[in-house]
Amino acid sequence: MSIFNGENVFTDFVEKIGKATQVILKDLRDLTLLVGDITKTSWYVIKHPSKLRWRDVGYYMDLCGSQALPIVIMICFLMGLILAFQAAVQARKFGGEIFVADAVGFSILKELGPLMVAMIATGRAGSAFAAEIGTMKVNEEISALETMGFSPCRFLVIPKVVSMLIAMPVLTVFGDVSGLFGGFVVGVTMLDLPGMAYYTRTIAVLYPSTMALGLIKSVVFGLLIAIVGCLRGFQSESDAQGVGRSTTSSVVTSIFLIVIADSVLTMLYTFLGY
Amino acid sequence: MNNKRKPIVEVRNLTIGYDRQTVMEELNFSVFTGEIFVILGCSGCGKSTLLKHLIGLYEPFRGEIKIFGESIVRADEDEKRELMRQFGVTYQGGALFGSLTLAENVSLPLEEYTTLSREKIKERAYEKLALVDLQGFEEYMPAEISGGMKKRAGLARAMALDPKLLFFDEPSAGLDPITSAELDRLILRLRKELGTTIIIVTHELDSIFTVADRVIMLDKRTKSIIAEGEPHDLKKNSDNDWVREFLNRSNLKQV
Ligand SMILES: Nc1ncnc2c1ncn2[C@@H]1O[C@H](COP(=O)(O)OP(=O)(O)OP(=O)(O)O)[C@@H](O)[C@H]1O
Ligand SMILES: [Mg+2]
């Protein structure tokens, strides 16, 4: 077929770039509109707090927060374990076993805790948001909301954003603690450090601000996950496969944006001297 | 019937469609207060599309739609929302909120737009559900009831605020003949007791002849209205063969 025809390969290539650009521009436009809508509605909700769907906030806090707790604790504990193990192998070479506490402490609090929690939340919450809104679109529920004079943003987006903003830092605190504990377990068993020494070292090198930096990250990630999940839901085509595709793409986009945001924040922190 | 002839919905030079195709061109019609107005046409000719434009979900390519004398085409977001909450809409598939029970679905507009107490709201929701024969199912989730029941619950929700204007998309499709006839009676009763203006999209010929004051018939080929008038009159006197045939099908059915 045309694959062997040099000219067509080139035009195909240009066409693909053009199409991709169109998609990106459309995404950006939709994103801008959604963020604008969220800003406007948030302001309205701040002025009229009774207009927030508190019951939905509770539901999503449960879904994205408490139900995710066991997996967050387990994954972060294992991350701490793995991290300490790798650090221990290196630290042993020059007899600096105690610095494992530093390595684990900083990596978990500033980086891996928020990141792991964000990945779990993307898989759990982000995909659920996209699927939920996509299905509502298929069932004409979104249209019904609009013609009842309700703002879909206030009903569907704001509760998700609010619950993510609350749930993410809380989950991250739990993740941080279990990560540190994972490091502690390796320190005490594999490196034969006295438990008290590991504990004291950890407390000595970490400041509350170290954890705060990670928590700020987690809040940003939570916002991204909620917005991307909702955006993909609203963009979903009105059929079952469309909902499936939008769910997938919400996860992929969220992970991509989270990694970008993480890099930016890390650079910013370094630049500001933290 | 109402002789004041005050238009509640006015459509002027309306051209509608989707990205790839125009569905209807240059439509002109009015619906008068207290009227039961039926939109007819074959499947896929654009009845639902027209309805969705009338209620302001989509923007028309050209033309003007006035509801209660106000343009829904040129209204900004807030004006549109204000306008929308003054009428009720049912969708072809019910469009109930899946995370809420039937009673909660019906209560939602009451909670948001009235200052009624919680008990009063519940009472009102139960009452509306009883009106469409759904007593006993108030605390069911939409996923636990049948398609026809969803449709009826959608009707109850549309009527929650007793709006002056109702839009029904195929209210009786998929209902059994008895329920369907009861629905027709309900529609007539709404008009008689509350003076509600009702715009219906339907295929059910029995129901057209029972309830409709006036119909318009859409044609896919010419993308326009090919007939407008009183259904019995059109059935006998229309100069268009296709229109007569469409409406006379009911004779076959009624035998
Ligand atoms: N969301 C959409 N995007 C693009 N085209 C659409 C969309 N919905 C409907 N159409 C097209 O518009 C035309 C009219 O569809 P519409 O749903 O209004 O028909 P209808 O008269 O309501 O049919 P039915 O009686 O089967 O419900 C069809 O040709 C259809 O292909
Ligand atoms: Mg239709």
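Quick summary incoming for the structure in this document. Just so it is clear, the model here is predicted, and its values are computed rather than measured.

1. What about the overall build of chain B?
Thinking step 1. Summing up its helical and strand segments, chain B has 9 helices and 10 strands in all.
Thinking step 2. Rg of the C-alpha trace for chain B: 18 Å, near the compact-globule value of 18 Å for 255 residues, within the 12% margin.
Thinking step 3. With respect to the principal axes defined by its C-alpha atoms, chain B has extents near 55 × 50 × 40 Å.
Thinking step 4. Here chain B, with 255 residues, has 53% of them falling under the buried criterion.
Thinking step 5. When contacts within chain B are restricted to residue pairs at least 6 apart in sequence, long-range pairs at least 24 apart make up 64% of them.

2. Remarks on the packing of aromatic side chains
Thinking step 1. Taken as a whole, this structure holds 12 aromatic pairs over all chains when the rule is applied.
Thinking step 2. In this structure an aromatic cluster arises from ring pairing among Phe77, Phe181, Phe184 and Tyr198 of chain A.
Thinking step 3. The cationic tip of Lys160 of chain A hangs over the ring face of Phe129 of chain A; the distance from NZ or CZ to the ring centre is 5.7 Å.
Thinking step 4. One residue, Lys235 of chain B, lies across the ring of Phe209 of chain B, its end atom 4.8 Å from the ring centre.

3. Digging into the site of ligand 1
Residue and element names in this part refer to chain B.
Thinking step 1. Not every one of the 14 residues close to ligand 1 is listed here, only the nearest: Ser43, Gly44, Lys47, Ser48 and Thr49.
Thinking step 2. Tyr18 is positioned with one of its side-chain polar atoms (N or O) 3.2 Å from a nitrogen atom of ligand 1.
Thinking step 3. A distance of 2.6 Å separates an oxygen atom of ligand 1 from a polar atom in the side chain of Ser48.
Thinking step 4. For ligand 1, whose free accessible area comes to 630 Å², the fraction covered by protein is 65%.
Thinking step 5. Looking at the shell around ligand 1, the element that brings in the most residues is helix H1 (residues 47-54), giving 3 residues.
Thinking step 6. Here the shell around ligand 1 is built from residues that sort into 4 nonpolar, 8 polar and 2 charged.

4. Re the pattern of salt bridges
Thinking step 1. The full count for this structure, using the stated rule, is 26 salt bridges over all chains.
Thinking step 2. The shortest N-O distance in the salt bridge between Arg245 of chain A and Glu237 of chain A comes to 3.0 Å.
Thinking step 3. Among the residues examined, Arg245 of chain A registers a relative accessible area of 43% and is labelled partly exposed.
Thinking step 4. For Glu237 of chain A, a relative accessible area of 47% gives the class partly exposed.
Thinking step 5. With a shortest N-O distance of 3.6 Å, Glu193 of chain B and Arg189 of chain B are connected by a salt bridge. Of the two residues, Glu193 of chain B and Arg189 of chain B both sit in helix H6 (residues 177-194), 4 residues apart, roughly one turn of that helix.
Thinking step 6. Sharing partners across several salt bridges, the network here consists of Lys51, Arg53, Asp56 and Arg154 of chain A together with Glu112 of chain B.

5. Observations concerning the coordination of the magnesium ion (ligand 2)
Thinking step 1. Only Ser48 of chain B (OG) and Gln92 of chain B (OE1) from the protein coordinate the magnesium ion (ligand 2), and they sit 1.9 to 2.7 Å from it. Placement of Ser48 of chain B in helix H1 and of Gln92 of chain B in the loop between strand S6 (87-90) and helix H3 (102-113) is noted, with a sequence separation of 44 residues between them.

6. Observations regarding unusual backbone geometry
Thinking step 1. The backbone phi angle of Asp192 of chain A is positive, close to 55 degrees, even though this residue is not glycine.
Thinking step 2. Within the element layout of this structure, Asp192 of chain A appears in the loop between helix H6 (152-189) and helix H7 (195-205).
Thinking step 3. The phi angle at Asp162 of chain B is positive, at roughly 50 degrees, despite the residue not being glycine.
Thinking step 4. If you trace the backbone, Asp162 of chain B turns up in the loop between helix H5 (147-158) and strand S7 (165-169).

7. Concerning a nonpolar patch on the surface
Residue and element names in this part refer to chain A.
Thinking step 1. Taken together, the side chains of Ile73, Leu165, Ile166, Val170, Phe174, Val219 and Leu223 define a hydrophobic patch exposed on the protein surface, amounting to about 500 Å² of accessible area.
Thinking step 2. Elements with a minimum of two residues in the nonpolar patch: H6 and helix H8 (208-235).
Thinking step 3. For the nonpolar patch, the element with the highest residue contribution is H6, accounting for 4 residues.
Thinking step 4. Among the secondary structure elements, Leu223 is positioned in helix H8.

8. Re the side chain of Thr147 of chain A
Thinking step 1. Its location among the elements puts Thr147 of chain A in helix H5 (residues 141-147).
Thinking step 2. You can call Thr147 of chain A buried: its relative accessible area is 3%.
Thinking step 3. Filtering out sequence-adjacent residues up to four positions away, Thr147 of chain A remains in contact with Ile55, Leu57, Met84, Arg85, Phe87, Val89 and Tyr91 of chain B.

9. A short note on the sheet that holds strand S3 (residues 36-41) of chain B
Residue and element names in this part refer to chain B.
Thinking step 1. The strand order across the open sheet formed by 6 strands is S6-S7-S8-S3-S9-S10, and the pairing between neighbours is mixed. On the outer flanks of this sheet lie S6 and strand S10 (224-229), each paired with one strand and no other. Between one strand axis and the next, the sheet turns through 15 degrees on average, direction left out of account.
Thinking step 2. Its contacts with the sheet place H5 against S6 and S7, and it is angled at close to 170 degrees to S6.

10. Some details on the sheet that holds strand S4 (residues 62-67) of chain B
Thinking step 1. Taking strand neighbours across the sheet as the criterion, the 4 strands line up as S2-S1-S4-S5 (chain B) in an open arrangement whose pairing is antiparallel. Lying at the two open borders of the sheet, with one neighbouring strand each, are strand S2 (21-32) and strand S5 (70-71) of chain B.

11. Side note on the pairing of S2 of chain B
All names here are of chain B.
Thinking step 1. As judged from the 8 bridges shared by strand S1 (residues 7-18) and S2, these two strands associate in the antiparallel manner. Within S2, the residue paired with Glu10 across the bridge is Ser30.
Thinking step 2. Following S1, the chain reverses through 2 residues before pairing antiparallel with S2.

12. Let's talk about the interface of chain A and chain B
Thinking step 1. Listed per partner, the contact involves 19 residues of chain A and 24 residues of chain B.
Thinking step 2. Where chain A abuts chain B, roughly 1,700 Å² becomes buried across the two surfaces, and 54% of that area is made up of carbon and sulfur atoms.
Thinking step 3. Its largest share of buried area at the contact with chain B, chain A owes to Glu140, Thr147 and Met148 of chain A, together 34% of the area lost on that side.
Thinking step 4. Taken together, the connections running from chain A to chain B amount to 5 salt bridges.
Thinking step 5. Counting residues per element, the ones that place at least two in the side of chain A that touches chain B are H5 and H6 of chain A.
Thinking step 6. Here the residues of the side of chain A that touches chain B are counted per class, giving 6 nonpolar, 5 polar and 8 charged.

The rules behind each value
Residues numbered from 1 in each chain as written. Chains lettered and ligands numbered in written order. Predicted model: local features only at pLDDT ≥ 70, side-chain atom pairs only at ≥ 80, totals over all residues. Heavy atoms only, no water. Helix = DSSP H or I, 4+ residues; strand = E, 2+ residues; numbered from the N terminus. Rg over C-alpha atoms; globule rule 2.2 N^0.38 Å. Buried < 20%, exposed > 50% of the residue type's maximum accessible area, 1.4 Å probe, protein only. Contact = heavy atoms within 4.5 Å. Phe/Tyr/Trp six-rings, centres within 6.5 Å; stacked < 30°, edge-to-face > 60°. Lys NZ or Arg CZ within 6 Å of the ring centre and 35° of its normal. Near = heavy atom within 4 Å. Polar contact = N/O pair within 3.5 Å; in protein donor to acceptor, adjacent residues only side chain to side chain. Areas by Shrake-Rupley, 256 points an atom, 1.4 Å probe, with all protein chains shown as cover. Nonpolar A, V, L, I, M, F, W, Y, C, P; charged D, E, K, R; others polar. Salt bridge = Lys/Arg side-chain N within 4 Å of Asp/Glu carboxyl O. Donors = N, O, S within 2.8 Å, 3.2 Å for Na, K, Ca; no water. Patch = residues over 30% accessible without salt bridge, like charges linked within 9 Å, V, L, I, M, F, W, Y side chains within 5 Å. Pairing = 2+ DSSP bridges. Axes fitted to C-alpha atoms, helices over the stretch in contact; angles between N-to-C directions. Buried area = accessible area lost by both parts, 1.4 Å probe.

Shape is all these values report; function is a separate question.
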